[in-house]
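What follows is each chain in one-letter form.
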Amino acid sequence: MQRIGVFVCWCGSNIAGTVDVQAVSDALAHEPGVVFSTNYQYMCSQAGQNMIKDAVAEHKLTGIVVCSCSPRMHEATFRKTAAAAGINPYMVEIANIREQCSWVHKDMQTGTEKAIILGKAAVAKVNLNTPLTPGESPVTKRALVIGGGIAGIQTALDIADAGFPVDIVEKKPTIGGKMAQLDKTFPTLDCAACILTPKMVDVAQNDKIRIFSYSEVTDVKGFVGNFDVTIKKHARYVKEDICTGCGACTEKCPMKKVPNEFNLGMDNRSAIYIPFAQAVPKVATIDPNYCNMLKNGKCGVCSKVCAAGAIDYTQKDEFIEEKYGAIVVATGFNPISMDKFDEFAYNQSKDVITSLEFERLTNAAGPTAGKLLRPSDLKHPHTIVFVQCVGSRCDACAEKGKEYCSKICCMYTAKHAMLTRDKYPDTEVYVFYIDVRTPGKNFDEFYRRAVEEYGVHYIKGMVGKVTPEGDKLKVQASDLLANKQLHIDADLVVLAAAIEPDKSARPLATMLTASMDTNDFFTEAHPKLRPVESPTAGVFLSGACQGPKDIPETVSQAGAAASKVIGLLAKDKLTGNPCVASSNELMCNGCSTCERVCPYGAITYENKEFRMPDRTTAIRRIAVVNPAVCQGCGCCTVACPSGAMDLRGFANSQIIAEVDAICK
Amino acid sequence: MKVSYFPGCTLKTKAKDLDAYARKCAEVLGVTLEEIENWQCCGGVFSTSRDEVATKLSSVRALKAANDKEQPLVTVCSACHNVIKQTNHQMQTDAEFADKVNRYMAPEAPYGGETVVYHYLEMLRDLVGFDKIKEKVVNPQTGKKIAAYYGCLLLRPNKVMQMDDPENPRIIEDFIRAIGAEPVIYASRNECCGGYVAMESPELAKKKSNAVTSNAAAAGAEMMVTACPLCRYNLVKNGSEIPVVYFTELLADALGVKEDTNA
């Protein structure tokens, strides 16, 4: 029989305001096994914890029930208290009489009744609790960063700086991500390449960092501290270690009509290519969809001109298996497709472009060498209309746009408008907006400069229609403040397309068993207090894969994710969760049901010899749970047809006892 | 397949061919259009005032007549379709309005918006199927560059009409493909033709109308198709540079029954 102490917390007036705490501690004093029951204003305070420790010593307690807030809040606190008092921490149960009781009830009587019932259930459970000891597992001191944009780059650099090896897996032939495509960066207008490419070089030169470019993660097994990851390295048909990046092949390649994705298809590249001058690794890649040699065996020019002899048409995809202690997701974002926003005539006119395309048009390394020329006829545009929130904040059109604010568009549109007016004072620039949202250090000042110093016409209202007519784009819009319809003959229309998570994020989340929201952004473990951790242990979030973010915010988060990874890798051993499943081998009949429902692959089978009552030996197939992999979800305990599978700390008998106590 | 059919006033007067081709094509496609007996004008415009009942009664009668025969109700004219569909929606969602209507009409069983309303185009898409139409085409309109003109009434308000995306529709384009021609996408295909202000401000109507037709022509269209008699009247009257025809006429041509239709 247990000797249980009950401690009812007032939580100031949070609980005591709606629950008669004295009545609760009095009622629970008479429950089976309870030898001591009290209440106190703040049980989590030092004084409250001492009260528990004293009671353990005085009443020789073997179990503790704390009626307080959610176990997510203070279970760890009270377990530590118990351990300090000499009781196994898993002999503590929390009855949540705050979130699940006082906060949701207004009436003192019903609140008190419910609190007593919840307390009784906890007491019933503690009566069946057994001391549990967590296991330990080693930590592989290597981190994996998935995605090589500014988020992944910063995270990798920070982890490497602490002395831990890091691998970056990037699906494109080069790291750099979206930031490499940008021209200037707000609010200081420094050139993106000038601040990004040194970081890319740092990555390349850091001996703690390996880059797997043109690669993707295809399989993840294991658990925090011990991930087994398979990386698929796509064949680039060029030997990476031999190629010098001289570019002779790209010049001589006869197939020059391949849409250049780095310039968003606004110009062409060759079939063998280096995405941009500062690419890291600076190695050529052959695009198998366009290469004549790979398609029909005729050509081979690049192989002939390559002085280093790096071309290898027979290269195959390679699979690399590596162990990691921590995984950082930095898969980033993309602008949404404009196909469903035909009212802006994106597919009808080359002169309707997205903001990212505008970045390339103004970039010195872009298709127009930095001159602002409109794509259709390469003429200088005089009237430019920017449309914000295209597909963002779009609750009426959720099937084509996004309900959320994409956050970065107000600032980059202000940047585009300002830079256009600065470089080309002969232009008229209009910006149509729903709201201008520019909070952030020096952000609002930046936007106001666009309006006040650069004379950009900011108009509150949306564009309803863009009609290409001759060489003009007829823009019809509403000016909500003047209550007027506007008609503008524009030369160029720039759409601030909403951003969405990269398409690779969802399959990756499935591999990692990391959760996502309905928009496919990764969910953080706590929106305020654990913003860079995924709820899945050992998986961390960096950059726009978690939500729309600008560069300063991405870099901060990347550093935060790195510090969490460093904290994890600095440990030699991880303490596991003892509340894991285990199978009673005498009841298990080896049916495989539990293995099929286990989301973590924690269950295997083995053949074991049993001595039978008639003294013969039988070999039976039984389930074995790997406690290091098991997350204690309980799926197997429900699925097991013979009742062999049970969860430590949440045994079927304990749950039934709780239900009985509630229903009594 | 038998369906109830509501032609509407214009199809008996100004737009007789829209009606005649619709009937003939339905026959070829195996659909029997059963014209509702003693139907009355749909009311012309759907009143958004909530206490307006009288002008909506004729629509409810047509809906109820189809419901009594347990048939879907098919319309052709964009305006009729808009009024009838919106009235039906109000019968489904506005209990007070439905109650008033039912008290006034005193039918044997009260009507609550049960009838499914199809525009003829939706009937082609959802009940017949564009692939089926493709099979029945004997005179494919190959090489014709045709601009679909939706106008304002066919697709909006989207929450009620539920026909297609009002900003990026494709139902008429798919129809054009089904009969072997090539659709021309242009910006003004879902703009208003100005028909509603034709009496009050003919100049504005002309301007709107010409904006639509010149946009279609500039995009390379040699012909426009529409489902709306008012749009067609307005576009043609204001001097469209390319022919504007009803989609049913084109369908009849493709199905090889244009000549023997007595329009």
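Residues numbered from 1 in each chain as written. Chains lettered and ligands numbered in written order. Predicted model: local features only at pLDDT ≥ 70, side-chain atom pairs only at ≥ 80, totals over all residues.

## Examining the overall build of chain A
Along its length, chain A carries 19 helices and 34 strands. The principal-axis extents of the C-alpha atoms in chain A amount to approximately 90 × 70 × 40 Å. Burial analysis of chain A (664 residues in total) assigns 46% to the buried set. Considering only contacts in chain A between residues 6 or more positions apart, those separated by 24 or more positions represent 70%. (Helix = DSSP H or I, 4+ residues; strand = E, 2+ residues; numbered from the N terminus. Buried ≥ 20, exposed ≤ 12 C-beta atoms within 10 Å, placed from the backbone. Contact = placed C-beta atoms within 7 Å.)

## Description of the domain arrangement of chain A
Along its sequence, chain A is organised into domain 1 (4-126), domain 2 (143-234 + 317-332 + 502-569), domain 3 (248-305), domain 4 (334-500) and domain 5 (581-648). Taking only C-alpha atoms, the centre of domain 1 of chain A and the centre of domain 2 of chain A are 42 Å apart. (Domains from an automatic or database assignment.)

## Some remarks on the environment of Lys145 of chain B
All names here are of chain B. On the secondary structure map, Lys145 appears in strand β5 (residues 145-148). According to the C-beta neighbour criterion, Lys145 is partly exposed, with 17 such atoms within 10 Å. Along the sequence, Lys145 and Ala181 sit 36 residues apart, while their C-alpha atoms lie 6.4 Å from each other. Not counting chain neighbours up to four residues away, the residues in contact with Lys145 comprise Glu182, Val184, Gly220, Ala221 and Glu222.

## A word on the nonpolar core
Residue and element names in this part refer to chain A. In this structure, Ala143, Val328, Phe344, Val493 and Leu495 are the most contacted members of the largest nonpolar core, which totals 211 residues. Residues contacting Phe344, with those up to four places away along its chain left out, are Val352, Val387, Val390, Val463, Val466, Val493 and Leu495. Counting 43 residues, the second-largest nonpolar core is a separate cluster that includes Ile15, Val24, Val65 and Val123. (Core = buried A, V, L, I, M, F, W, Y, C linked by C-beta atoms within 7 Å.)

## Observations regarding the sheet that holds strand β7 (residues 223-226) of chain B
Residue and element names in this part refer to chain B. The strand order across the open sheet formed by four strands is β6-β5-β7-β8, and the pairing between neighbours is parallel. Strand pairing shows two members of the sheet lacking a second neighbour, β6 (182-184) and β8 (244-246), which therefore form its edges. Between one strand axis and the next, the sheet turns through 40° on average, direction left out of account. Looking at chain direction, β5 and β6 are connected through three bridges and run parallel. Its bridge partner being in β6, Ala147 is matched across the sheet by Val184. (Pairing = 2+ DSSP bridges. Axes fitted to C-alpha atoms, helices over the stretch in contact; angles between N-to-C directions.)

## Some remarks on the packing of helix α2 (residues 21-28) of chain A against helix α6 (residues 108-126) of chain A
Residues and elements named next belong to chain A. As a packed pair, α2 and α6 sit with axes 9 Å apart at the nearest point and diverge in direction by 35°. The handedness of the crossing between α2 and α6 is right-handed. Side by side, α2 and α6 meet where Ala23, Val24, Ala27 and Leu28 of the first sit next to Thr112, Ala115, Ile116, Gly119, Lys120 and Val123 of the second. Taken together, the residues that form the contact of α2 with α6 break down as seven nonpolar, two polar and one charged. (Left-handed = near helix turned anticlockwise from the far one by under 90°. Nonpolar A, V, L, I, M, F, W, Y, C, P; charged D, E, K, R; others polar.)

## A word on the pairing of strand β25 (residues 472-479) of chain A
Residue and element names in this part refer to chain A. In this sheet, β25 lies alongside strand β24 (residues 463-469) in antiparallel orientation, the contact comprising six bridges. If you follow Lys465 over to β25, its bridge partner there is Gln476. Here β24 folds back onto β25 in antiparallel fashion, the turn holding two residues, of which Gly470 has a positive phi close to 60°. From the end of β25 to the start of strand β26 (residues 484-490), which pair antiparallel, there are four residues, and Asn483 there has a positive phi angle of about 50°.

## Notes on helix α14 (residues 443-452) of chain A
Residues and elements named next belong to chain A. Within α14, burial applies to Phe446, Tyr447 and Ala450. Within α14, the buried residues cover an arc of 95° as seen down the axis, which keeps them to one side. Opposite its buried face, α14 presents the exposed residues Glu445 and Glu452, each directed more than 90 degrees away. Residues of α14 that are buried sit in contact with α13 (409-423). (Arc of directions from axis to C-beta.)

## Describing the pairing of β26 of chain A
Note: β25 of chain A against β26 of chain A, seven bridges, orientation antiparallel. Bridge pairing in β26 of chain A places Ser478 of chain A opposite Gln485 of chain A.

## Some thoughts on the domain arrangement of chain B
Residues and elements named next belong to chain B. According to the domain assignment, chain B consists of domain 1 (2-120) and domain 2 (137-255). Distance from the C-alpha centre of domain 1 to the C-alpha centre of domain 2: 23 Å. Between domain 1 and domain 2, the residue contacts involve 19 residues of the former and 17 residues of the latter. Residue assignment for the side of domain 1 that touches domain 2 shows that the elements contributing at least two residues are α1 (16-28) and α3 (78-93). The element best represented in the side of domain 1 that touches domain 2 is α1, accounting for seven residues. Split into classes, the residues belonging to the side of domain 1 that touches domain 2 amount to nine nonpolar, six polar and four charged.

## Observations regarding the interface of chain B and chain A
Chain B puts eight residues into the contact, and the matching count from chain A is ten residues. In terms of residue class, the side of chain B that touches chain A is made up of three nonpolar, three polar and two charged.

## As for the packing of α1 of chain B against helix α11 (residues 247-255) of chain B
Residue and element names in this part refer to chain B. At their nearest, the axes of α1 and α11 sit 8 Å apart, and the two run at 40° to each other. Relative to α11, the element α1 is oriented oblique. Like other packed secondary-structure pairs, α1 and α11 cross with a definite hand, here left-handed. Contact residues: α1 offers Asp17, Leu18, Tyr21, Ala22, Lys24, Cys25 and Val28, while α11 offers Thr248, Glu249, Leu251, Ala252 and Leu255. Of the residues contributing to the contact of α1 with α11, the split by class is eight nonpolar, one polar and three charged. (Parallel < 35°, antiparallel > 145°, perpendicular 65-115°, else oblique.)

## Section: the sheet that holds strand β3 (residues 63-68) of chain A
Residues and elements named next belong to chain A. Read from one edge of the open sheet, four strands run β2-β1-β3-β4, paired in parallel fashion. Sheet topology places β2 (34-40) and β4 (92-96) at the edges, where each strand pairs with a single neighbour. Sheet twist, expressed as the mean angle between neighbouring strand axes with direction ignored, is 15°. Here five bridges tie strand β1 (residues 4-9) to β3, and the two strands are oriented parallel to one another. In the strand pairing of β3, Phe7 is matched with Val66.

## Quick look at unusual backbone geometry
At the junction of Val280 of chain A and Pro281 of chain A, the peptide bond is cis and its omega measures out at 0° in the coordinates. As for its placement among the helices and strands, Pro281 of chain A is situated in the loop between β15 (272-273) and β16 (285-286). Along the chain, Arg156 of chain B connects to Pro157 of chain B via a cis peptide bond; the corresponding omega equals 0°. Considering the arrangement of structural elements, one finds Pro157 of chain B in the loop between β5 and α7 (158-161). Of note in this structure, Leu264 of chain A is not a glycine but carries a positive phi near 55°. If you trace the backbone, Leu264 of chain A turns up in the loop between β13 (258-259) and β14 (268-269). C-beta crowding within 10 Å serves as the criterion here: with 20 such atoms nearby, Leu264 of chain A is assigned to the buried category.

## Description of the environment of His526 of chain A
Take His526 of chain A: it is sitting in the loop between α15 (505-512) and β29 (539-541). The sequence separation of His526 of chain A and Asp444 of chain A amounts to 82 residues, and the corresponding C-alpha distance is 29 Å.

## Brief notes about helix α8 (residues 171-178) of chain B
All names here are of chain B. α8 sits mainly inside the fold: six of its eight residues count as buried. All of the buried residues in α8 are Ile171, Ile172, Glu173, Phe175, Ile176 and Ala178. If you follow the buried residues of α8, they end up packed against α5 (120-128), α6 (130-136), β5, β6, β7 and α11. Phi for Gly180, located one or two positions after α8, is positive at around 90°.

## Digging into the environment of Ala26 of chain B
Residues and elements named next belong to chain B. Following the sequence through the fold, Ala26 ends up in helix α1. Look at Ala26 and you get buried, because 22 C-beta atoms sit within 10 Å. Sequence separation of Ala26 and Val128 is 102 residues, and the distance between their C-alpha atoms is 9.5 Å. Not counting residues within four places of it along the chain, the set of residues in contact with Ala26 comprises Val31 and Leu33.

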